[in-house]
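Chain by chain, the residues run as shown.
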Amino acid sequence: MAHVNTATRGRRRSNAALGLLAWIAGIGFCLPAGWMLLTSFHAEADAATNPPSLAAALTLDSYREFFGEGGGPQPWPPLINSATASVVSTLLVLVLALPAAYALSIRPVRKWTDVMFFFLSTKMLPVVAGLLPIYLFAKNTGLLDNIWLLVLLYTSMNLPIAVWMMQSFLADVPVSIIEAAQVDGARLPTVLARVVAPVAGPGIAATALICFIFSWNELLFARVLSGVVAQTAPVFLSGVVTSQGLFLAQLCAASVVVSLPVLVAGYAAQDKLVQGLSLGAVK
């Protein structure tokens, strides 16, 4: 009995230590974001002090400046462009990835593992290696500074990882319910929309959120291929940094605003994200 009590106390101490370590790691991850949020409410002079002043007066001047009240450029067109490119490309990725993942998981083709490796290998190419050919293509076709070119690029960039993720999610869908739907006369579009999608909903939501985040945060292609009309939020954010004057508080305010859509989407889909990423973890 004493040995059992000692082992129980040891496990409790170990769990408490792991819990404390997890809290410390979580706080450490949140500290930079909290510091950025606090700095965004400081005046530029207070934000530029070294060391920074935690007790400085709070103000909304940086947010007013970001939203163009001081006569600067308006952030709404870039934000709308980012939302358009991210949402439309994510929807296209889901429409294309769902039947592909269905074919590779529930109705596997020959050498499907080679197909999956090919999808994954496309992500190994450095993005900058494809920048010049894409730029020349966009220039010759008149698609420079066009938001729909970014939609097409984001769709092609996110499609391989989406197929890879959804293949593992759809592999857990019971084949029996699909066969039952087919016996009742359901065709493939109906099976995908009414049988497979609801069962694999958490995995599809996790895939959609990751594709949305990748599209929203993409900077390189957006900076090279867009100008004024198709400028996205990350490109607009990079323009806040100047070689003269103080810009730290305004940069933090702009970063908070640009990060909000991703944070809101992640918070709204956190349950689906956890369920989706944990599908197939225990078999």
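Because the structure is a prediction, the values reported are computed rather than measured.

For the rest of this paragraph, the subject is the packing of aromatic side chains. On inspection of all chains with the given rule, the structure shows five aromatic pairs. Their ring planes at 75° and their centres at 5.1 Å tell us that Phe66 and Phe67 sit as a pair that is edge-to-face. Ring plane angle 75° and centroid distance 5.7 Å describe the contact between Phe66 and Phe236, whose orientation is recorded as edge-to-face. With Phe66 in helix α3 (residues 61–66) and Phe236 in helix α12 (residues 233–238), this pair connects stretches of sequence that are 170 residues apart. By the burial criterion, Phe66 is buried, and Phe236 matches it.

The description of two helices packed together rests on the angle between their axes and the distance between the axes. In the contact formed by helix α8 (residues 175–183) and helix α9 (residues 188–199), the axes pass within 11 Å of each other and the chain directions differ by 160°. Classified by the interaxial angle, the pair formed by α8 and α9 is roughly antiparallel. Like other packed secondary-structure pairs, α8 and α9 cross with a definite hand, here right-handed. Between α8 and α9, the contacting residues are Ile177, Ile178, Ala181 and Gln182 on the first element and Val191, Val195, Val196 and Val199 on the second. Split into classes, the residues belonging to the contact of α8 with α9 amount to seven nonpolar, one polar and no charged.

Residues at a pLDDT of 70 or more form 90% of the protein chain, whose mean pLDDT is 84. By mean pLDDT, the top-scoring element of the protein chain is helix α11 (residues 220–225) (93), and the lowest-scoring one is helix α14 (residues 270–278) (63).

With that settled, the discussion passes to the packing of helix α4 (residues 76–105) against α9. Orientation of α4 relative to α9, taken along the N-to-C sense of each, is 95°, at an axis distance of 11 Å. One element, α4, and the other, α9, form an angle in the roughly perpendicular class. Residues Leu98, Pro99 and Tyr102 of α4 touch α9, and the partners they reach there are Leu188, Val191, Leu192 and Val196. The residue makeup of the contact of α4 with α9, split by class, is seven nonpolar, no polar and no charged.

What follows covers the pattern of salt bridges. Side chains that differ in sign of charge can pair as their charged atoms come close. All told, the structure shown has one salt bridge when counted by the stated rule. Here Arg64 makes a salt bridge to Asp61, at a shortest N to O gap of 2.9 Å. Here Arg64 pairs with Asp61, and both are found in helix α3, just three residues apart, close to one helical turn. Among the residues examined, Arg64 registers a relative accessible area of 37% and is labelled partly exposed.

Most peptide bonds take the trans form, and the phi angle of most residues other than glycine is negative. Even without a glycine there, the phi angle at Asp145 is positive, about 60°. Residue position: Asp145 is located in the loop between α6 (131–141) and α7 (147–170). What makes Asp145 partly exposed here is its relative accessible area of 23%.

Rules used throughout
Residues numbered from 1 in each chain as written. Predicted model: local features only at pLDDT ≥ 70, side-chain atom pairs only at ≥ 80, totals over all residues. Heavy atoms only, no water. Phe/Tyr/Trp six-rings, centres within 6.5 Å; stacked < 30°, edge-to-face > 60°. Helix = DSSP H or I, 4+ residues; strand = E, 2+ residues; numbered from the N terminus. Buried < 20%, exposed > 50% of the residue type's maximum accessible area, 1.4 Å probe, protein only. Axes fitted to C-alpha atoms, helices over the stretch in contact; angles between N-to-C directions. Parallel < 35°, antiparallel > 145°, perpendicular 65-115°, else oblique. Left-handed = near helix turned anticlockwise from the far one by under 90°. Contact = heavy atoms within 4.5 Å. Nonpolar A, V, L, I, M, F, W, Y, C, P; charged D, E, K, R; others polar. pLDDT = per-residue confidence, 0-100. Salt bridge = Lys/Arg side-chain N within 4 Å of Asp/Glu carboxyl O.

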